[in-house]
Amino acid sequence: MPYQNKKIGIVLCGGGVRGLSQIGILASLEEHGIVPDYVSGASIGAVIGAFYAAGYSPLEMLEISRQSSLIKVFRLSLSRKGLSNLKYLRRILEKHIKSNTFDALKKKLFISVSNLNTGRYEIFSEGPLFDAVMASSAVPIVFEPQYINGYVYVDGGLLNNFPIEPLKAHCDKTLGVFVHNHYETKTIDSWGSIVDRCLSLQLWHNSKNNIDECDFVIEPEKGYGYGVFKKKTDEELFRIGKEKTDEVIDKIRKKLNS
């Protein structure tokens, strides 16, 4: 069966600012006729996934990021309480997504969140959309946790940064994106690079079993040099994701057709 007749799902991982490269990845896939039917995401992957599932094209998403500083959400800016809140993210969601419900989306969306009370990850796919996106984006220590139905939720990437599980029951083939450097590196020369390296390795070990279950995983290596909480330019990261996907598109097609 050719991939055009298959249900395709995509996993968008958490990754702070460097996760913006995932918009470029979606752009390349669509240019080559590969349009995912289902989306599962964590953290910045949940934010991008929500816009994509709401019907925005990758280029429209890039323009929203330019105009609204979408990735400002993941820049470190402490409040008096010592934590940043996510009201800015909610304003962006309310401005651009008409209905605050999963049911109104044009694609099926799954969002990974971490429940601090139970110590387990959960997958939201129905009910209020904005609360789920904000909970999945609440990076521990940096952002205030989100309270939903009496439970305390934080970043989905804490317990499941690569949420492929909900796609298995719906999709014939699954693609995924992982944006963190888990290969050997010699560029650990500052406190920031140590923190970034620790986070990247933790997320890799959190994700690798799920990654192995994907039919193909796109890794935009040129984005590794972008700090998780530091913004460069939207266009640079978009280009990195798009160019990497263009480079491996024949391999992706082969996997999808197998």
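It should be noted that the structure appears before, not after, this text.
The paragraphs below set out a description of the structure included in this document. (Residues numbered from 1 in each chain as written. Predicted model: local features only at pLDDT ≥ 70, side-chain atom pairs only at ≥ 80, totals over all residues. Heavy atoms only, no water.)

**Here we look at the overall build of the protein chain**
- Along its length, the protein chain carries seven helices and eight strands.
- With 258 residues in all, the protein chain has 55% of them scored as buried.
- Taking contacts inside the protein chain between residues at least 6 apart in sequence as the whole, the part at least 24 apart equals 76%.
- Here the protein chain displays about 11900 Å² of accessible surface, and carbon together with sulfur accounts for 50% of that area. (Helix = DSSP H or I, 4+ residues; strand = E, 2+ residues; numbered from the N terminus. Buried < 20%, exposed > 50% of the residue type's maximum accessible area, 1.4 Å probe, protein only. Contact = heavy atoms within 4.5 Å. Areas by Shrake-Rupley, 256 points an atom, 1.4 Å probe, with all protein chains shown as cover.)

**Notes on helix H2 (residues 44-53)**
- When you tally the buried positions in H2, you get ten out of ten residues, the bulk of the element.
- Every buried residue belonging to H2 is among Ile44, Gly45, Ala46, Val47, Ile48, Gly49, Ala50, Phe51, Tyr52 and Ala53, and all of these are buried.
- Just downstream of H2 lies Gly55, where phi reads positive at about 110°.

**A closer look at unusual backbone geometry**
- Look at Ser43: it is not a glycine, yet its phi comes out positive at around 55°.
- A positive phi angle, near 50°, is found at Asn149, a position not held by glycine.
- By secondary structure assignment, the location of Asn149 is in the loop between strand S5 (146-148) and strand S6 (151-155).
- Under the relative-accessibility criterion, Asn149 is labelled exposed at 73%.

**Topic: the packing of helix H4 (residues 87-96) against helix H5 (residues 129-137)**
- It is at 10 Å that the axes of H4 and H5 come closest, and there the two elements cross at 145°. Relative to H5, H4 is oriented so that their crossing is right-handed. Contact residues: Leu89, Arg90, Leu93 and Glu94 in H4; Phe130, Asp131, Val133, Met134 and Ser137 in H5.
- Its residues placed into classes, the contact of H4 with H5 shows five nonpolar, one polar and three charged. (Axes fitted to C-alpha atoms, helices over the stretch in contact; angles between N-to-C directions. Left-handed = near helix turned anticlockwise from the far one by under 90°. Nonpolar A, V, L, I, M, F, W, Y, C, P; charged D, E, K, R; others polar.)

**Points about the packing of aromatic side chains**
- Considering all chains together, one arrives at three aromatic pairs under this definition.
- Look at Phe124 and Tyr153: their rings are 5.5 Å apart centre to centre, the planes differ by 70°, and that puts the pair in the edge-to-face class. Placement of Phe124 in strand S4 (residues 120-124) and of Tyr153 in strand S6 is noted, with a sequence separation of 29 residues between them. Here Phe124 and Tyr153 have matching classes, each one buried.
- Ring centres of Tyr151 and Tyr153 lie 6.5 Å apart, and the angle between their planes is 65°; this geometry places the pair in the edge-to-face category.
- With a relative accessible area of 38%, Tyr151 lands in the partly exposed category.
- Connected via pairs of aromatic rings, a cluster forms that spans Phe124, Tyr151 and Tyr153. (Phe/Tyr/Trp six-rings, centres within 6.5 Å; stacked < 30°, edge-to-face > 60°.)

**Focus on the pattern of salt bridges**
- The full count for this structure, using the stated rule, is twelve salt bridges.
- Between Glu94 and Arg90 there is a salt bridge, with the nearest N and O atoms lying 3.7 Å from each other. Of this pair, Glu94 and Arg90 both sit in helix H4, four residues apart, which is roughly one turn of the helix.
- The exposure class of Glu94 is partly exposed, given its relative accessible area of 45%.
- With a shortest N-O distance of 3.5 Å, Arg239 and Glu243 are connected by a salt bridge. Residue Arg239 and its partner Glu243 are located together in helix H7 (residues 234-257), separated by four residues, close to a single helical turn.
- For Arg239, a relative accessible area of 38% corresponds to the partly exposed category. (Salt bridge = Lys/Arg side-chain N within 4 Å of Asp/Glu carboxyl O.)

**Quick look at the nonpolar core**
- One finds Ile34, Phe51, Leu109, Ile111, Leu129, Leu175 and Ile252 to be the most contacted residues of the largest nonpolar core, which totals 74 residues.
- When residues in this core are grouped by element, the largest group, eight residues, is from H2.
- Ignoring any residue separated from it by four or fewer positions in sequence, one finds Leu129 in contact with Ile97, Ser99, Asn100, Thr101, Phe102, Leu105, Leu109 and Ile111. (Core = buried A, V, L, I, M, F, W, Y, C linked by side-chain atoms within 4.5 Å.)

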